[in-house]
Amino acid sequence: MLATQCPPEIAEFAERCRERIRNTDDEQRLTQEIARDLTQVLDAGFDLPEELRRPQEERYIMYPLYVSEDDDLSIASAVWNVAQGTPVHGHETWGVVGIYSGQETERQYEKPRREGVPLSALDQAVWSPGQVTVCCTIDDDVHQVWNDGDVPCVGIHVYGRDIGRLERRSYDPETGDQSWFVSTWPTDNDEEK
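Now for a look at the structure at hand. Just so it is clear, the model here is predicted, and its values are computed rather than measured.

Conventions adopted
- For every chain, the first residue of its written sequence is number 1, and the numbers climb from 1 along that sequence.
- Per-residue local features of the predicted model are confined to residues with pLDDT of at least 70, and side-chain atom pairs are confined, for both listing and counting, to 80 or more; whole-chain, interface and lining totals are unaffected and use all residues.
- Excluded from the side-chain calculation are hydrogens and water; included are all heavy atoms of the structure.
- Following DSSP output, two strands are said to pair if at least two bridges run between them.
- Put simply, DSSP H or I for four residues or longer makes a helix, DSSP E for two residues or longer makes a strand, and each gets a number counted from the N terminus.
- Only the stretch in contact is used when a helix axis is fitted, and all axes are lines through C-alpha atoms; the angle between N-to-C directions ranges over 0 to 180 degrees.
- For this analysis, residues touch if any pair of their heavy atoms sits within 4.5 Å.
- Patch building starts from residues that exceed 30% relative accessible area and form no salt bridge, then joins like charges within 9 Å and nonpolar side chains (Val, Leu, Ile, Met, Phe, Trp, Tyr) within 5 Å.
- Computed by Shrake-Rupley with a 1.4 Å probe, the accessible areas treat only the displayed protein chains as cover when residues are assessed.
- By salt bridge we mean one thing: a side-chain nitrogen of Lys or Arg within 4 Å of a carboxyl oxygen of Asp or Glu.
- Residues scored as positive are Lys and Arg, those scored as negative are Asp and Glu, and His as well as the terminal groups of each chain are ignored.
- Every charge is mapped onto a representative atom, which is NZ of Lys, CZ of Arg, CG of Asp or CD of Glu.
- Accessibility here uses a 1.4 Å probe with only protein chains present; expressed as a share of the type maximum, an area under 20% marks a residue as buried, one over 50% as exposed, and anything in between as partly exposed.
- Classification of ring pairs uses Phe, Tyr and Trp, with its six-membered ring standing for Trp, and accepts pairs whose centres are within 6.5 Å; under 30 degrees between planes counts as stacked, over 60 as edge-to-face, and the remaining range as tilted.
- A ring has a charge above it when a Lys NZ or an Arg CZ is no more than 6 Å from the ring centre and no more than 35 degrees off the ring normal.

**Focus on the sheet that holds strand β7 (residues 132–136)**
Within the open sheet, the five strands sit side by side as β1-β2-β9-β4-β7. Their pairing is antiparallel. At either end of the open sheet lies a strand with only one pairing partner, and these are β1 (61–67) and β7. Geometrically, the sheet is characterised by an average inter-axis angle of 25 degrees between neighbouring strands, direction not taken into account. As paired strands, strand β4 (residues 95–101) and β7 are joined by four bridges and run antiparallel to one another. Counted as the bridge partner of V97 is T133 from β7. In the packing of helix α2 (residues 27–44) onto the sheet, the strands contacted are β4, β7 and β9 (153–159), and the crossing angle to β4 comes to about 15 degrees.

**A few points about a negative patch on the surface**
Together, E115, D172, E174 and D177 give the surface a local cluster of negative charge. Note on placement: D177 falls in the loop between β10 (168–171) and β11 (178–181). Among the residues examined, D177 registers a relative accessible area of 42% and is labelled partly exposed.

**Quick notes on the packing of aromatic side chains**
Tallied over the full model, the rule gives two aromatic pairs. Taken together, a centroid distance of 5.1 Å and an interplanar angle of 45 degrees make the contact between F46 and Y100 tilted. Residue F46 is found in the loop between α2 and β1, and its partner Y100 is found in strand β4; the two are separated by 54 residues along the sequence. Judged by relative accessible area, F46 falls into the buried class, the value being 8%. Aromatic pair Y60 and W80: ring centres 5.6 Å apart, planes at 20 degrees, arrangement stacked. With Y60 in the loop between α2 and β1 and W80 in strand β2 (residues 74–80), this residue pair connects regions lying 20 residues apart in the sequence. With respect to class, Y60 is no different from W80; both count as buried. Geometry around Y60 places R59 over its ring, the cationic atom sitting 5.2 Å from the centre.

Put into C-alpha cells, the structure is as follows:
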C-alpha cells in the first residue's frame, strides 16, 4: 500500500527496497544496501508534504508512506516534536533510519539476554539531516531516540515488517523489565489533532 501523498522518490525507493529484499538473504548486507539507497534519496532531495511532517502534541507519530502487502517492508515518516522521545525499545525486525529534517538523538543499549537485568547503555549519537543509520537488526535491537533540538525532527524509517502492526518490546532500563507494545499507524482522529 502506497500512501496517497507519498512522494514519487519514496515510491521508487520502496520498489528498490522490495527488489533488494527479494534478492538478498543476508540481513547485514540488506540493511547496508538500503542505507546507501536511502542516503541517495535524501541527498537528491524530495518534497515531503506538510501533512506528513506534522508533529502531534501528545507523543511522536509515524505516518505510513509505504506498507507492503507481504508484511516484509514498511516506510514511515516519523515525527518528534521538540522534547518528545520514545521509551527504550526494540523492533523485532531490521530497520534503517535517515533524517529528513531536524535532529534525532539516539542512545543504544546492549540487548539483554534475559528479563529483569538492568540494561547497559552503549553509544549515543546525534543524527542530522541527510544522515542515515542502520538502527536495528534482529540480533542488535535496543535503543531510545528523542528530539532535543529546537525544531521538530522528521525521519524516514524503513523496517523489514509492518511497524504499525508489529508487537515490540519496551524496556525499563533501570530494572530490565519488559512489556509489549505496538506503534499503531495514526487514525483520522490522530491526524486531525
